[in-house]
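One letter stands for each residue in the lines below.
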Amino acid sequence: MSATILSGKEFAEAIKREVAAEIAALSFKPCLAVVRVGEDPASAVYVGSKVRTAEELGIISEHRHMPAETTQAELMRVVNELNSRDDVDGILVQLPLPPQIDEREVLEAIDPEKDVDGFHPVNVGKLWQGQRSLVPCTPAGVIEILKRSGIGIAGMNAVVIGRSNIVGKPMAALLIKESATVTICHSKTSDLAAVASQADILVAAIGRAGFVRAEHIKPGATVIDVGINNVTSEDLARELFGEDEIDKRLNTIAKRGFTLVGDVCPKDAKAKAGAFTPVPGGVGLLTVAMLMKNTIEAAKARRG
Ligand code: GUN
């Protein structure tokens, strides 16, 4: 039997409709400031999507694009200005930042009440204590997919592959909050397949194209793919995609030079999982929708 595909599109559209309805009921327009430094091509795409979606939903957006040579002091001045402005409800500094910038100092400078990424230590601490806080958008989106698909989390074995501050760690905190039994795996985990294949819910967030194969997947598991990787090799594409999709993917490589692949082998997920999220068209769409939700949460909390 072929696994169910958990398409992010309908969930993201539903969340965006809910956010738009909430905004329409407010007496003011929330404002999101997005800061991008340098010319990372993926960041340009992500930020474009964040700014466009904000505008579609009636959120005022301010895009600050600073040059790659920006100094720490210049970036800190922008963050401090956005902190002090009453009209700005949410601040997001897109990562990665250029090497001369101390990322931690920047993220810690953002007012926790405006921290729509949920990366500030105050929000991280609140999340782990189970307090209400602004929660990182990608893991929050994963929880929405599970809940809106009717997949039970309480009592399930959940395995998260990846221990990043952006996805792996907050993902584990949110799954614990939902009463899953949670294990985090990473590059030093011994016999990762033995651990992963115990998971009822498997979340892959490692940044390696098609890393999760059949031996990592428990039959019938829900597999959530957070990875977004560019695959340029036709041979790797042939390994990862089944007959139903390979022609389309090879065409994309021929036309654009690469195809987008997650951290999970889609052919194996389709054959062995109960349900899985596709790439593209899965978790990524939820990340942007959850950012919009965080922006109105921050706006409502600030403006009462
Ligand atoms: N870079 C990759 N993902 C993210 C994210 O969720 N937020 C920010 N600020 N940068 C990112």
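Residues numbered from 1 in each chain as written. Predicted model: local features only at pLDDT ≥ 70, side-chain atom pairs only at ≥ 80, totals over all residues. Heavy atoms only, no water.

Engineer: Whenever I open this one, the packing of helix α6 (residues 137-148) against helix α7 (residues 168-177) confuses me. Can you help?
Structural biologist: In helix packing, the relevant descriptors are the interaxial angle and the interaxial distance, both defined with respect to the helix axes. Contact geometry for α6 and α7: axes closest at 9 Å, N-to-C directions at 40°. In this view, α6 runs oblique relative to α7, as classed from their interaxial angle. Between α6 and α7 lies a crossing of right-handed hand. Touching Pro139, Ala140, Val142, Ile143 and Leu146 of α6 are Pro170, Met171, Leu174 and Leu175, all from α7. Here the contact of α6 with α7 is composed, by residue class, of nine nonpolar, no polar and no charged. (Axes fitted to C-alpha atoms, helices over the stretch in contact; angles between N-to-C directions. Helix = DSSP H or I, 4+ residues; strand = E, 2+ residues; numbered from the N terminus. Parallel < 35°, antiparallel > 145°, perpendicular 65-115°, else oblique. Left-handed = near helix turned anticlockwise from the far one by under 90°. Contact = heavy atoms within 4.5 Å. Nonpolar A, V, L, I, M, F, W, Y, C, P; charged D, E, K, R; others polar.)

Engineer: What am I meant to see in the pairing of strand β3 (residues 60-66) here?
Structural biologist: When a strand is regular, its side chains alternate between the sheet's two faces. Pairing of strand β2 (residues 31-37) with β3 involves seven bridges; the strand directions are parallel. Each bridged residue has a counterpart across the sheet, and for leucine 32 the counterpart in β3 is serine 61. Handedness of the crossover joining β2 and β3 through helix α2 (residues 41-57) is recorded here as right-handed. (Pairing = 2+ DSSP bridges. Right-handed = clockwise from strand over helix to strand, strands pointing away.)

Engineer: Whenever I open this one, the sheet that holds β3 confuses me. Can you help?
Structural biologist: What holds strands together in a sheet is hydrogen bonding between their backbones, with the strands either parallel or antiparallel. On the basis of which strands lie adjacent, the open sheet formed by three strands has the order β3-β2-β4 and parallel pairing. Both outer strands of the open sheet, β3 and β4 (90-93), are each paired with one neighbouring strand and no more. Geometrically, the sheet is characterised by an average inter-axis angle of 15° between neighbouring strands, direction not taken into account. α2 rests against β2, β3 and β4 of the sheet, and its axis sits at about 165° to β2. On the sheet, helix α3 (residues 72-84) packs against β2, β3 and β4 and is oriented at approximately 165° with respect to β3.

Engineer: Looking at this model, I keep getting lost on the environment of leucine 174. Mind explaining?
Structural biologist: As for its placement among the helices and strands, leucine 174 is situated in helix α7. Under the relative-accessibility criterion, leucine 174 is labelled buried at 8%. Sequence-wise, leucine 174 and alanine 109 are 65 residues apart; in three dimensions their C-alpha atoms are separated by 24 Å. Once residues lying within four places of it in the same chain are set aside, the contact partners of leucine 174 are Leu127, Val135, Pro139, Ala140 and Ile143. (Buried < 20%, exposed > 50% of the residue type's maximum accessible area, 1.4 Å probe, protein only.)

Engineer: Honestly, the state of the cysteines in this entry has me stumped. Any pointers?
Structural biologist: Note: disulfide means a covalent bond formed between the sulfur atoms of two cysteine side chains. On inspection of all chains with the given rule, the structure shows zero disulfides. There is no disulfide at cysteine 137, and the cysteine sulfur nearest it, in cysteine 31, is 16 Å away. Residue class for cysteine 137 comes out buried when judged on its relative accessible area of 5%. Cysteine 265 carries a free sulfur, and the closest cysteine sulfur to it, the one in cysteine 185, is 18 Å from it. (Disulfide = S-S within 2.5 Å.)

Engineer: Looking at this structure, how should I read the sheet that holds strand β7 (residues 201-204)?
Structural biologist: In spatial order, the strands read β1-β11-β8-β7-β5-β6; together these six strands make up an open sheet with parallel pairing. A strand with exactly one partner marks an edge of an open sheet, and here the two such strands are β1 (4-5) and β6 (181-185). Here two bridges tie strand β8 (residues 222-225) to strand β11 (residues 275-276), and the two strands are oriented parallel to one another. Along β11, the bridge assignment pairs valine 223 with phenylalanine 276.

Engineer: Would you explain the site of the ligand in this entry?
Structural biologist: Every residue lining the ligand is accounted for by Lys50, Leu92, Val93, Gln94, Leu95, Asp117 and Phe119. Valine 93 has a polar backbone atom sitting 2.9 Å from a nitrogen atom of the ligand. Considering the ligand on its own, with 280 Å² of exposed area, one finds that the protein chains cover 83% of that surface. (Near = heavy atom within 4 Å. Polar contact = N/O pair within 3.5 Å; in protein donor to acceptor, adjacent residues only side chain to side chain. Areas by Shrake-Rupley, 256 points an atom, 1.4 Å probe, with all protein chains shown as cover.)

Engineer: Explain the packing of aromatic side chains here, please?
Structural biologist: Each aromatic ring pair is specified by the distance between its two centres and by the angle formed by the two planes. Counting across every chain of the model gives zero aromatic pairs. Here the basic side chain of arginine 256 rests over the ring of phenylalanine 258, its NZ or CZ set 5.5 Å away from the ring centre. (Phe/Tyr/Trp six-rings, centres within 6.5 Å; stacked < 30°, edge-to-face > 60°. Lys NZ or Arg CZ within 6 Å of the ring centre and 35° of its normal.)

Engineer: What is the right way to look at the side chain of glutamine 94 in this model?
Structural biologist: With respect to the helices, strands and loops of the structure, glutamine 94 is situated in the loop between β4 and α4 (103-109). Take glutamine 94: its relative accessible area is 8%, and that puts it in the buried class. Within the structure, the side chain of glutamine 94 is placed 2.7 Å from the side chain of lysine 50, a separation counted as a polar contact. Excluding anything up to four places from it in sequence, glutamine 94 contacts Val35, Ser43, Tyr46, Val47 and Lys50.

Engineer: Help me understand α2, please; the structure alone is not making it clear to me.
Structural biologist: An α-helix turns once every 3.6 residues. As a result, residues three or four positions apart point the same way. In this model α2 runs 25 Å from its N-terminal to its C-terminal C-alpha over 17 residues, within 8% of the 24 Å that 1.5 Å per residue would give. Ser43, Val47, Ser49, Lys50, Val51, Thr53, Ala54 and Leu57 are the residues of α2 that are buried. Elements that come into contact with the buried residues of α2 comprise α1 (8-24), β2, β3, β4 and α12 (283-303). (Expected span 1.5 Å × (residues − 1).)

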